[in-house]
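Listed below, chain by chain, are the residues.
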Amino acid sequence: MSKLALEGGTPVRASMLPYARQSIDDDDRLAVDSVLRSNWLTTGPMVKEFEEAVTQYTGAAEGVAVNTGTAALHAAMWAAGVGPGDEVIVPAISFVASANCVLYVGATPVFADLSLDTLNLDPDDVQRKLTSRTRAIVVVDFAGHPCDHDALRAIADQYGLTIIEDAAHSLGATYQGRKVGTLQDITTLSFHPVKHVTTGEGGMVLTDDPGVAKRVRSFRHHGIDLDLHTRNKTNSWEYDVVDLGFNYRLPDINCALGVSQLAKSDRWLERRRAIAATYHEMLHGVPMLEVPVERADCLSAWHLYIIRLNLENISVSRSLVFSALRAENIGVNVHYVPIPWMTHYAKLGYVRGKWPVAEREYERMISLPMYPGMTDQDVADVVTAVIKVVKNYSI
Ligand SMILES: *Cc1c(COP(=O)(O)O)cnc(C)c1O
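Residues numbered from 1 in each chain as written. Predicted model: local features only at pLDDT ≥ 70, side-chain atom pairs only at ≥ 80, totals over all residues. Heavy atoms only, no water.

## Regarding the UniProt feature "active site" (unreviewed entry) in the chain
No. 1: Following the UniProt record, the feature "active site" (unreviewed entry) maps to Lys-195 here.
No. 2: Looking at the element boundaries, Lys-195 is found in the loop between strand S8 (186-190) and strand S9 (203-207).
No. 3: Lys-195 sits in the buried class, given a relative accessible area of 15%.
No. 4: Once residues lying within four places of it in the same chain are set aside, the contact partners of Lys-195 are Ala-168, His-169, Ser-190, Arg-272 and His-303.
No. 5: Looking at Lys-195, its side chain comes within polar contact range of the side chain of Ser-190, at 3.4 Å. (UniProt positions renumbered as here; feature names shortened; annotations may be inferred. Helix = DSSP H or I, 4+ residues; strand = E, 2+ residues; numbered from the N terminus. Buried < 20%, exposed > 50% of the residue type's maximum accessible area, 1.4 Å probe, protein only. Contact = heavy atoms within 4.5 Å. Polar contact = N/O pair within 3.5 Å; in protein donor to acceptor, adjacent residues only side chain to side chain.)

Encoded structure:
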């Protein structure tokens, strides 16, 4: 067996392979350059063009571009009318923005546990976490795999709740043949560089509800009354602030990048699926780990490829396996530390040990590199390194 790089052996790769990376081509550079030569750096025609491109791609009726995925969640929460005194159910494992947005509007996150197979919200636990104060549910299509959308929808309908789907991981995914963006009341996207399509930083709120879309448009622009603004556009200084909004606008520079990126996203999605298929083929059945599942009624968007270690078959901790893979120059990561474990949440009174699936599975998780620009050699290197490391540590 070859010696681990962590113990002085030769690493599988000479240079570090990141876990995610944007793909930027000449057409992206040209698109941005043409905005830089135009009259509109922000609040111009590219914003609408990008919004229309995303609604066309997803099938949502309305899209409102904002400057981060986090801003999209904040705006969605606010537009849904969530506020102080309300509780919002959030999965115990997600990026922290999925829960922070609840705090931004003065409401209380209530964390629910995950289904063992997909690591998405467990509808049964959501049911158990409902109270008379529950107003909304944030559902996250974790790693790109759609949630149990129908089961969650049924709960929301029964209790009159709004569902905000944090689809930062799942642009392009389908659930029972339906595309992400059309599944729930409000869907939010992120265009951070590690996501499917990037605008540098950026986000979008998708909805079929014109009232929600209108509220988000005002919220991203200081809470200004946009009807008055439009009416008086040509010859008046008048404007009115009717709510406390923010400056969450996404510049035309970024929107132009988004439009040119989106045109390539189906090709990139196919590449992600091919990489996932290779990982699956090469790693499933290795007794030291489990590969992720894709349910029969879903097509995952494969934002992340998360293996789970079978720690009972390994002589060391997850942390040492992680370090050994990094030493082989494989840029593995872990998504994510449970949100209620964060210091800020501990200060708010959340205590560990209440989400048995999330907290146990978290200890086993490692994200392998996954992005469309990976070459076949990169994918092969990851497989070689994973097998090398887990075999070295197998019991
Ligand atoms: C990336 C991400 C966000 C936030 O997006 P930003 O654009 O970085 O603000 C929110 N939720 C999840 C699940 C994410 O992965």
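## Examining the nonpolar core
No. 1: Core analysis: the biggest nonpolar cluster contains 53 residues, and Met-77, Val-82, Val-88, Ile-93, Phe-111 and Phe-142 have the highest contact counts within it.
No. 2: Elements with a minimum of two residues in this core: strand S1 (62-66), helix H3 (69-79), strand S2 (87-91), helix H4 (97-104), strand S4 (134-140), helix H7 (210-219) and helix H13 (356-362).
No. 3: Broken down by element, the residue count for this core peaks at 8 residues, all from H3.
No. 4: Residues lining this core come from more than one domain, with at least three contributed by each of domain 1 (26-262) and domain 2 (265-392).
No. 5: Listed in part, the 35 residues of the second largest apolar core include Leu-289, Leu-309, Val-332 and Val-379. (Core = buried A, V, L, I, M, F, W, Y, C linked by side-chain atoms within 4.5 Å. Domains from an automatic or database assignment.)

## What about the pattern of salt bridges?
No. 1: Following the criterion strictly, the structure yields 26 salt bridges and no others.
No. 2: We note a salt bridge from Arg-128 to Asp-125, for which the minimum N-O separation is 3.1 Å. Within this pair, Arg-128 and its partner Asp-125 are both found in helix H5 (residues 123-129), separated by 3 residues, close to a single helical turn.
No. 3: Taking relative accessible area as the criterion, Asp-125 reaches 8% and is therefore assigned buried.
No. 4: Ionic pairing is found between Glu-361 and Arg-308, a salt bridge with its closest N-O pair at 2.9 Å. (Salt bridge = Lys/Arg side-chain N within 4 Å of Asp/Glu carboxyl O.)

## Re the domain arrangement of the chain
No. 1: Here the chain is described as being made up of domain 1 (26-262) and domain 2 (265-392).
No. 2: Centre-to-centre, using C-alpha coordinates, domain 1 lies 26 Å away from domain 2.
No. 3: Contacts between the two partners involve 43 residues from domain 1 and, on the opposite side, 37 residues from domain 2.
No. 4: Interface of domain 1 and domain 2: buried area, both sides summed, is about 3300 Å²; carbon and sulfur atoms make up 59% of it.
No. 5: Linking domain 1 to domain 2 there are 2 salt bridges.
No. 6: For the salt bridge of Asp-117 with Arg-295, the shortest nitrogen-to-oxygen distance reads 2.8 Å.
No. 7: Along the contact surface separating domain 1 from domain 2 lie 23 residue pairs in polar contact (both at pLDDT 80 or more).
No. 8: The set of elements that each furnish at least two residues to the side of domain 1 that touches domain 2 consists of H4, strand S3 (108-112), strand S6 (174-175) and helix H9 (252-262).
No. 9: Of the residues forming the side of domain 1 that touches domain 2, the biggest block, 4 residues, is contributed by S3.
No. 10: Grouping the constituent residues of the side of domain 1 that touches domain 2 by class yields 23 nonpolar, 15 polar and 5 charged. (Buried area = accessible area lost by both parts, 1.4 Å probe. Nonpolar A, V, L, I, M, F, W, Y, C, P; charged D, E, K, R; others polar.)

## Remarks on the sheet that holds strand S13 (residues 365-368)
No. 1: Spatially, the 3 strands line up as an open sheet ordered S10-S12-S13, and their pairing is antiparallel. Since the sheet does not close on itself, it has two edges, and those belong to strand S10 (289-290) and S13, each with one partner.
No. 2: Pairing between S10 and strand S12 (residues 305-309): 2 bridges, direction antiparallel. Bridge pairing in S12 places Leu-289 opposite Leu-309.
No. 3: This element, helix H10 (residues 265-283), spans S10, S12 and S13 of the sheet and lies at about 20° to S12. (Pairing = 2+ DSSP bridges. Axes fitted to C-alpha atoms, helices over the stretch in contact; angles between N-to-C directions.)

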